[in-house]
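An overview of the molecular structure
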Amino acid sequence: RAPAVELGGGAEGPPGGAGGAPKEQDAGRAFRAGHFAALVVGATGVVFGDIGTSPLYTFSGIFVDVLKTNDPTPEDVRDAFAMIFWALTFVVGFKYVCIVMSVSHHGEGGTFAMTSKILESSEQDGKPVGKTMRAAVTFLGMLGLALLAGDGCITPPVSVLGALNGIPLAISADAQVAIAVVVLLFVFLVQRRGSDFIGRIAGPVMIVWFAAIAALGIYNLFQHPGAAKLVAHGLNPSCLVSFWTQGRYRGADAWRSLAGVVLSVTGAEALYADLGHFGRGPISAAWFGLVYPCLVVQYMGQAASLCVNGRGVNNPFFQAVPREMLWPMTILAVFAAVIASQAMISGLFSLLAQAQAFKLVPRILVLHTNPDQQGQVYIPEANWALCIACLAMTIGFKSSDSLAGAYGITVTSTFLISSILLWTVMRRVWGWRMLPALLLTVPIAVVDAALWSANVLKIVDSGWVPVVISVCLCFLMHTYQWGRGREESVMARQLEAETSELQRQGAPVALATVATLPGLQAALDHSLLARTGKAAVFLTPYEWRVPRTLGALASLLGSLPQTIVLLSVSFEAVPFISDEHRAAFTALSSGVYSVVLYFGYAEPLVAGTRAVHKALARLAREHCDEHPGLRSLTTLDQENERPRRTSCGTATSPMASREAGASAAELGAGGRGAAASGTDLHGSTFVVSKVHYACFPDAKHGWWNRVRVAVYRFLVTNARSSIRFLGLEGEETVEISVVRFV
């Protein structure tokens, strides 16, 4: 099924015959060029903020934090510049921009994009992925998201605190922390406007920033021509060899310095995750056309300044700024640092949206902020959770130097995971032979492993903090995946048992335990259960499955509504669905109807839009002549005529238990109770399930399984409720609790 998307404009050409075609083509090319330019500007602001602010602290991270020196020699500085230059060139430019970004899944990037390509291509080629490999690839994608989230707790605080170090005033550490907290709160408050809006604001600021740091680098190169000539030798790969074999910090110290060098490429992992926000072309154009040359010139100028004044390595960026430009550059650096967090935040939103598609996280609200770009998303739950984590890091560590010790281990772990997945993509998706794949991936893996191994030492300092965060998040996702698997296996057993029971003549399925549509029809055909005049819409996650709430209601009240609508909602990979293709309707026997509503990814189902109600009302009006039982649904889109009550223990409108019980009785019993309450017997009610999970009582469970069931129960219970997710607040909605054993 391919849902149609309504596009503006008709099929006919412009008036004036063929003479209008060139003008239209020129206008189309101009529009595409303008749109591409806008995406380049947006990518500059959103994607490259983190890498763009790395000159604030990279040299101090290498010499002060790792090598423990405050007075490097000119040769040391030259060799450190060589390491930075080749790290930018190889890791960011070659690996990510040229190679890794060519792997996308429906325009999305990140580790889940690679995972999806591997799993889908294997199915298409007829080479099924084994259970072990499927689990390993999915786990790597899951681990990549967890590591990115751990890194996301560090990147915003270290960027903002690093920029505040340049303020040419004597302010206390507590004052810097307070300013950083205010700045970070502002960063997370504007996220709801979307990366398109943020890119339009941040793009020009970052363009000015890159131009300014490039101009500063050129200024320092002309100020120190002798040092500039020495630093220029760092562009020669031979300097890497001399640094590792002949320099003052050769051998083990050169290896340890990689823990500081990695600061120059932080943000590369978020660059790939942001692929869905702007696309490969705009990101590549921004990198090679602006970001890369500006960074190289800045690092060269900063290195030339350090060759002359090595003692300025504690604050290498601002010691190279002319005195009269100190305040303007400080203000610009603060703005750039604020924007630097955006790449990580946007990338995390994208990966979480993909994780929800993989069913690795509970139900969360994914808001698409730009209908033209499916990858531009905002997730409120993730935004505020990350905000709290960043504020805790800022208050706990208090300075960028302290945070630098926690920085790098999760970034480089993500580098390694992407290399492993890239190898798998080359072999299974692209069909490369062993030798070409080895020639490309082995050098990448060696560099990634070297960076990772140097940063492992940070765990004993403060690097354990993001590692613990990543491990906890990975455990939660893995537990949720495990719980979903247990649920699906239970459903599969129920389906098999019910199918076998239906095949035996004279053995109708018990209504209390019915799980499938054929089973429901058979149970209703053989049941003497009373049927009331109301209509009920039962929400179900699968169109083939009968929700437990229906059987629970029948067992509790001894009756069912005359009209039963089993409703499931599906989201498609297009921004909007036309009304003609909105719903799939199937009329079954005994007053049962199956409805599937299709929505585009840019159509939020919040209470204000009433999208579910409007779609159901439109469907009911189309079929009510043939199926009179649907007439009560035709007024769902008339908000003012609907009773505004939610009857459930945990719904958005709290009601007393007496009122909740009365509403449930109205739904199932009818007669005097319903008439006494004044409720329209021919109205309609939404029935939503609230599932509570427990271990099978007759099975032996170890303590670990009991812990995992408890964690899974916690995750599902605290997920966004179906009532809020589908915008059913304020309607006559009944929420029924059921127990499911896993």
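Right above here is the structure, for reference.
Residues numbered from 1 in each chain as written. Predicted model: local features only at pLDDT ≥ 70, side-chain atom pairs only at ≥ 80, totals over all residues. Heavy atoms only, no water.

Things to note about the overall build of the protein chain
Put simply, the rule is: Only DSSP runs of H or I covering at least 4 residues are called helices, and only runs of E covering at least 2 are called strands; the numbering of each starts at the N terminus. Think of it in three bands: residues with accessible area under 20% of the maximum for their type are buried, residues over 50% are exposed, and the middle band is partly exposed, with areas taken using a 1.4 Å probe on protein chains only. Note on contacts: a residue pair qualifies if any of its non-hydrogen atoms lie within 4.5 Å across the two residues. For every accessible area listed, the method is Shrake-Rupley and the probe measures 1.4 Å; residues are considered covered only by the protein chains on display.
Within the protein chain one finds 30 helices and nine strands. When the 742 residues of the protein chain are sorted by exposure, 53% land in the buried category. Across the protein chain, contacts joining residues at least 24 apart in sequence account for 80% of those joining residues at least 6 apart. Here the protein chain has roughly 31,200 Å² of accessible surface; of this, 61% comes from carbon and sulfur atoms.

A look at the packing of aromatic side chains
Inclusion rule: Only Phe, Tyr and Trp rings are paired, with Trp represented by its six-membered ring, and only when their centres lie within 6.5 Å; those with planes under 30 degrees apart are stacked, over 60 edge-to-face, the remainder tilted.
Taken as a whole and assessed by the stated rule, the structure comprises 18 aromatic pairs. Arranged with centres 5.3 Å apart and planes meeting at 35°, the rings of Trp-287 and Tyr-292 form a pair that is tilted. The same class applies to Trp-287 as to Tyr-292, namely buried. With centroids separated by 5.1 Å and ring planes inclined at 85°, the aromatic side chains of Phe-317 and Phe-318 adopt a geometry described as edge-to-face.

What about the pairing of strand β6 (residues 592-600)?
Where we set the bar: Pairing between two strands is assigned when DSSP locates at least 2 bridges connecting them.
Counted residue by residue, β6 has nine buried out of nine residues, so it is predominantly covered. The alternating pattern of β6 places Val-592, Ser-594, Val-596, Tyr-598 and Gly-600 and Tyr-593, Val-595, Leu-597 and Phe-599 on opposite faces, both of which are buried. Strand direction decides the pairing type here: strand β5 (residues 583-587) and β6, joined by five bridges, are antiparallel. The residue of β6 that forms the bridge with Ala-584 is Val-596. With antiparallel pairing between neighbouring strands as the criterion, β5 and β6 make up a hairpin whose turn holds four residues, including Ser-590 at a positive phi of roughly 60°.

Examining helix α8 (residues 173-189)
Which entries qualify depends on this criterion: The span you would expect from a helix comes to 1.5 Å times its residue count less one.
With 17 residues, α8 ought to run about 24 Å at 1.5 Å a step, and its terminal C-alpha atoms sit 24 Å apart, in line with that. Residues of α8 that are buried in the fold lie against α7 (155-164), α17 (326-340), α18 (342-357) and α19 (380-397).

Comments concerning the environment of His-105
The line we're drawing: Under this definition, polar contacts are N or O atom pairs within 3.5 Å; protein pairs additionally need one hydrogen-donor-capable and one acceptor-capable atom, and for neighbouring residues in sequence, both atoms have to be side-chain atoms.
Among the structural elements, His-105 can be located in the loop between α4 (74-99) and α5 (111-124). The spatial distance from the C-alpha of His-105 to the C-alpha of Leu-275 is 10.0 Å, given a sequence separation of 170 residues. Leaving out residues up to four positions away in the same chain, His-105 has contacts with Ala-113, Ser-116, Lys-117 and Glu-120. A polar contact of 2.8 Å, which involves the side chain of His-105, links it to the side chain of Glu-120.

Here we look at the packing of α7 against α8
Angle between the axes and distance between the axes are the two parameters that describe a pair of packed helices. Note the cut-off: To define axes, lines are fitted to C-alpha atoms, for helices over the stretch in contact only, and angles between the resulting N-to-C directions are given on a 0 to 180 degree scale. Orientation categories follow fixed angle ranges, with anything under 35 degrees roughly parallel, anything over 145 roughly antiparallel, 65 to 115 roughly perpendicular, and all other angles oblique. Two helices crossing with the near one rotated counterclockwise from the far one by less than a right angle form a left-handed crossing, whereas a clockwise rotation gives a right-handed crossing.
At a closest axis distance of 10 Å, the pairing of α7 and α8 adopts a crossing angle of 130°. With respect to α8, the element α7 is oriented oblique. Of the two possible hands of crossing, α7 and α8 adopt the one that is right-handed. Where α7 approaches α8, its residues Pro-156, Pro-157, Val-160, Leu-161 and Leu-164 are matched on the opposing element by Gln-176, Ile-179, Ala-180, Val-183 and Leu-184.

Considering the side chain of Ser-257
Tracing the backbone shows Ser-257 in helix α12 (residues 252-261). Given the relative accessible area of 1%, Ser-257 is considered buried. Apart from the residues within four sequence positions on either side, Ser-257 is in contact with Ile-62, Val-66, Leu-67, Met-83 and Phe-243.

Structural notes on helix α10 (residues 225-232)
We apply this condition: The arc in question is formed by the directions pointing from the helix axis toward the C-beta atoms.
Of the positions making up α10, those classed as buried are Ala-227, Ala-228 and Val-231. Taken end-on, α10 shows its buried residues confined to a sector of 105°, consistent with a single buried face. The exposed residues of α10 that point more than 90 degrees off its buried face are Pro-225, Gly-226 and Lys-229.

Looking at the nonpolar core
Where a protein is soluble and globular, its nonpolar side chains tend to be buried together. Our working rule: Among the buried residues, those of types Ala, Val, Leu, Ile, Met, Phe, Trp, Tyr and Cys that are joined through side-chain atoms within 4.5 Å form a nonpolar core.
Core analysis: the biggest nonpolar cluster contains 152 residues, and Phe-48, Phe-59, Leu-88, Trp-209 and Trp-287 have the highest contact counts within it. No other element matches the 14 residues that helix α15 (residues 280-308) contributes to this core. Not counting the four nearest positions on each side in its chain, Trp-287 is found in contact with Phe-48, Ile-51, Leu-88, Val-92, Gly-93, Val-97, Tyr-292, Pro-293 and Leu-295. Core analysis: the next-biggest nonpolar cluster, separate from the first, contains 31 residues, Leu-520, Ala-536, Val-546 and Leu-550 among them.

A word on the side chain of Ser-264
Relative to the helices and strands, Ser-264 is located in the loop between α12 and α13 (268-273). Residue Ser-264 is classed as buried on the basis of its relative accessible area, which comes to 0%. At 2.7 Å, the side chain of Ser-264 and the backbone oxygen of Val-261 are in polar contact. Ser-264 has contacts with Ile-51, Ser-54, Thr-58, Ile-84, Ala-87, Leu-88 and Tyr-299, leaving out every residue within four places of it along the chain.

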